[in-house]
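Analysis of the macromolecular model
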Amino acid sequence: MTFRPLTILLISATLTTGIQETWAQTAVKDVPKGWHMLDQQKDGFYGIGVEKAYQSLLKDKKAKQLVVVAVIDSGIDTTHEDLKPILWKNPKEVPGNGMDDDQNGYVDDIYGWNFLGGKDGRNVTKDSYEAARVYYKFKPKYGKSGLDQATLTTEEKEENALYQKAKSQIESQAKEAGMYVLFLKNIVEKLPSSDSILRKAMGKEIFTGDVTVFR
Ligand SMILES: [Ca+2]
Ligand SMILES: [Ca+2]
């Protein structure tokens, strides 16, 4: 499988990791605006400590050479004050004219391309994991019963190995999801009787999920 060179910029996985950890950490507290910029030691939030970096690591420093960093990740804010002046731009593409000026297959790809989006590069409502995309792409070819491995070319064997790996992952997830469905079905079936028990125990028709009333 081959991929076109990506021309997407910035933002590291650190931000994603920080989001997950901070979300768990502050689930019961008010989260300040811009928490993701804060510092764990100084502010108590698992942000990236950007001010600390400006004041210590980057203080009085200027770039010695130009480094272009390509990052394959979710989108970035191309209007951000720190990113806007340093964002790499496709020099052969004219933005906003609806044409693929550099003829690389992508229209108006001035900062890169959203490969998870629609054909026009716009966001889609739903997307999927890579394993699911690989699974459904190769299933018609390698998912057939009676597939003779001996007839496959070297490239097809590699594709088939990739398909089998994705299939294993997808089927494992599907099995797990099936168990959750059974679990949720059981809860839904019990809800009417649980509801009547709770209303009787609390002596009111309308109640919230506040469990402290039972303490
Ligand atoms: Ca283009
Ligand atoms: Ca264009």
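Cut-off values and rules
Residues numbered from 1 in each chain as written. Chains lettered and ligands numbered in written order. Predicted model: local features only at pLDDT ≥ 70, side-chain atom pairs only at ≥ 80, totals over all residues. Helix = DSSP H or I, 4+ residues; strand = E, 2+ residues; numbered from the N terminus. Buried ≥ 20, exposed ≤ 12 C-beta atoms within 10 Å, placed from the backbone. Contact = placed C-beta atoms within 7 Å. pLDDT = per-residue confidence, 0-100. Axes fitted to C-alpha atoms, helices over the stretch in contact; angles between N-to-C directions. Parallel < 35°, antiparallel > 145°, perpendicular 65-115°, else oblique. Left-handed = near helix turned anticlockwise from the far one by under 90°. Nonpolar A, V, L, I, M, F, W, Y, C, P; charged D, E, K, R; others polar. Expected span 1.5 Å × (residues − 1). Bend = angle between axes of the 7 residues up to and from the residue.

So, about the overall build of the chain. If you tally the helices and strands in the chain, you get five helices and zero strands. Secondary structure of the chain in N-to-C order comes out as α-α-α-α-α. Among the 215 residues that make up the chain, the fraction classed as buried is 8%. Of the contacts made within the chain by residues no fewer than 6 positions apart, 44% connect residues no fewer than 24 positions apart.

Residues of the chain with pLDDT of at least 70 account for 83%, and the chain-wide mean is 82. Mean pLDDT across the secondary structure elements of the chain bottoms out at helix α1 (residues 13-25), with 40, and peaks at helix α4 (residues 130-142), with 94.

This brings us to the packing of α4 against helix α5 (residues 154-202). Running from amino to carboxyl end, α4 crosses α5 at an angle of 120°, the nearest separation of the two axes being 8 Å. In terms of axis orientation, α4 runs oblique to α5. Relative to α5, the crossing made by α4 is left-handed. Residues Ala 131, Ala 132, Val 134, Tyr 135, Phe 138 and Tyr 142 of α4 pack against Glu 159, Asn 160, Leu 162, Tyr 163, Ala 166, Lys 167, Gln 169 and Ile 170 of α5. Here the residues of the contact of α4 with α5 are counted per class, giving ten nonpolar, two polar and two charged.

Here we take up α5. Here α5 contains 49 residues, and its C-alpha end-to-end distance of 69 Å stays within 8% of the 72 Å for a straight helix at 1.5 Å per residue. The largest bend along α5 measures about 45° and falls at Leu 191, with the proline Pro 192 one to four residues further on. With respect to burial, α5 is a largely exposed element, only two of its 49 residues being buried.

With that settled, consider α4. Between its first and last C-alpha, α4 extends 17 Å over 13 residues, near the 18 Å set by a 1.5 Å rise per residue. Its maximal kink placed at Tyr 136, α4 deviates by approximately 30°, while the proline Pro 140 follows within four residues.

What follows deals with unusual backbone geometry. Leaving glycine out, the prevailing phi sign among residues is negative, and the prevailing peptide bond configuration is trans. At Asp 60, a position not held by glycine, the phi torsion is positive, near 60°. On the basis of neighbour count, Asp 60 is assigned to the exposed category, with 4 C-beta atoms found within 10 Å. The residue Asp 108 is not glycine, and still its phi comes out positive at about 55°. Relative to the helices and strands, Asp 108 is located in the loop between α3 (50-55) and α4. Of the residues examined, Asp 108 has 18 C-beta atoms within 10 Å and is grouped as partly exposed.

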